[in-house]
Amino acid sequence: MREILGRRRRLGRKGGSARLEAALTCATVWQWPVVPGAGLREAGGGGDRDRCCACPDPECAVPGAHPFDPGPLAATTDARMVRWWWTNRPAAPVLLATGGRAPCALSLPAVAGARALAGLDRAGLRPGPVVATPTRWALLVAPYTLERLGELLYAQDWVPSSLRFHGEGGYVVLPPSEIGTGQVRWERAPGRATGPRPKRAAAPAAAPWLPDVGDVLDALVEASTGAPDGGSRLAH
């Protein structure tokens, strides 16, 4: 029993250091503002299947995968604050605060996400970083305004409700976080820019390349049509 507990502690420390490293890379290298997520806690029965959100809501719709304390407005690129947060809460998920100068995102059910990536590959379009949870995938895109998004959506005949948009005031959970639905991973890892950035992107040279939202929206709308909505109706 002692050996098992000791192994769990070592794995926990390793996971915590990985989240701290990921948060620091986002904040200091890529200049993406981050904030810790609520995280998970034991629900009483013990074991991974008996964990729930650490927030006060017993029926939380997105366990672990949302800001709680601090809130999303506290998101920062300050290395000292990031170190303090994840030193005190090493298991906290890493949340990217979307919009402004930071990336935005479009998310859709996992099955539809796989179809969308296949469609982009067939069309020869580079998708940029793709975050995958067991239920939903999120494609990170260059920052966009509500006006720009409105124009693009107006041009669509129909937009599925399962397709969600994470812009100013939103957030996306990043790897290597663990949330209520399971492990968060990169389906497509961030890559360096090899060509011109979208005109609307004002990002540091070291930040990963991001596509323009207009370049990927059609493929995501088509892939989301008729797809089951895996997850909460909340944008997160």
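Residues numbered from 1 in each chain as written. Predicted model: local features only at pLDDT ≥ 70, side-chain atom pairs only at ≥ 80, totals over all residues. Heavy atoms only, no water.

**Describing the packing of aromatic side chains**
Heads up, the condition is: The rule is short: rings of Phe, Tyr and Trp, with Trp giving its six-membered ring, pair when the centres are within 6.5 Å, and they are stacked under 30 degrees, edge-to-face over 60, tilted in between. Only protein chains enter the calculation, and the probe is 1.4 Å; a residue is then buried if its accessible area is under 20% of its type maximum, exposed if over 50%, and partly exposed in between.
The final tally for this structure, using the stated rule, is 2 aromatic pairs. Plain terms: the ring middles of tryptophan 30 and tryptophan 32 are 4.8 Å apart, the flat faces sit at 55° to each other, and that makes the pair tilted. Here the two residues tryptophan 30 and tryptophan 32 agree in accessibility, since each one is buried.

**So, helix 2 (residues 79-88)**
Counted only if it meets this: For helices the rule is a DSSP run of H or I covering at least 4 residues; for strands it is a run of E covering at least 2, with both sets numbered from the N terminus onward. In this context, the arc is that of the directions from the helix axis out to the C-beta atoms. For this analysis, a polar contact is any N or O atom pair within 3.5 Å, provided that within protein one partner can donate a hydrogen and the other can accept it, and provided that sequence-adjacent residues contribute only side-chain to side-chain pairs.
Of all the positions in helix 2, only Val82, Trp85 and Trp86 are classed as buried. Taken down its axis, helix 2 places every buried residue within 85° of arc, on the same side. Counted as exposed and oriented over 90 degrees from the buried face of helix 2: Arg80, Trp84 and Thr87. Where helix 2 starts, the residue carrying a side-chain oxygen 3.3 Å from the main-chain nitrogen of arginine 80 turns out to be aspartate 78.

**Things to note about the packing of helix 3 (residues 110-122) against helix 5 (residues 213-224)**
Defined as follows: Note on definitions: angles span 0 to 180 degrees between N-to-C directions of axes, and those axes are lines fitted to C-alpha atoms, for helices only across the stretch in contact. Should an angle fall under 35 degrees it is called roughly parallel, over 145 degrees roughly antiparallel, and 65 to 115 degrees roughly perpendicular, with every other angle called oblique. We call a crossing left-handed when the near helix sits turned anticlockwise from the far one by less than a right angle, and right-handed when that turn is clockwise. Whether two residues are in contact is decided by their heavy atoms, any of which lying within 4.5 Å being enough. Here the term charged refers only to Asp, Glu, Lys and Arg, the term nonpolar to Ala, Val, Leu, Ile, Met, Phe, Trp, Tyr, Cys and Pro, and the term polar to all other amino acids, Gly among them.
At a closest axis distance of 8 Å, the pairing of helix 3 and helix 5 adopts a crossing angle of 135°. As judged from the angle between their axes, helix 3 and helix 5 are oblique. Crossing hand, helix 3 versus helix 5: right-handed. Residues Ala112, Arg115, Ala116 and Leu120 of helix 3 lie in contact with helix 5, whose contacting residues are Asp215, Val216, Ala219, Leu220, Ala223 and Ser224. Among the residues forming the contact of helix 3 with helix 5, the class breakdown is 7 nonpolar, 1 polar and 2 charged.

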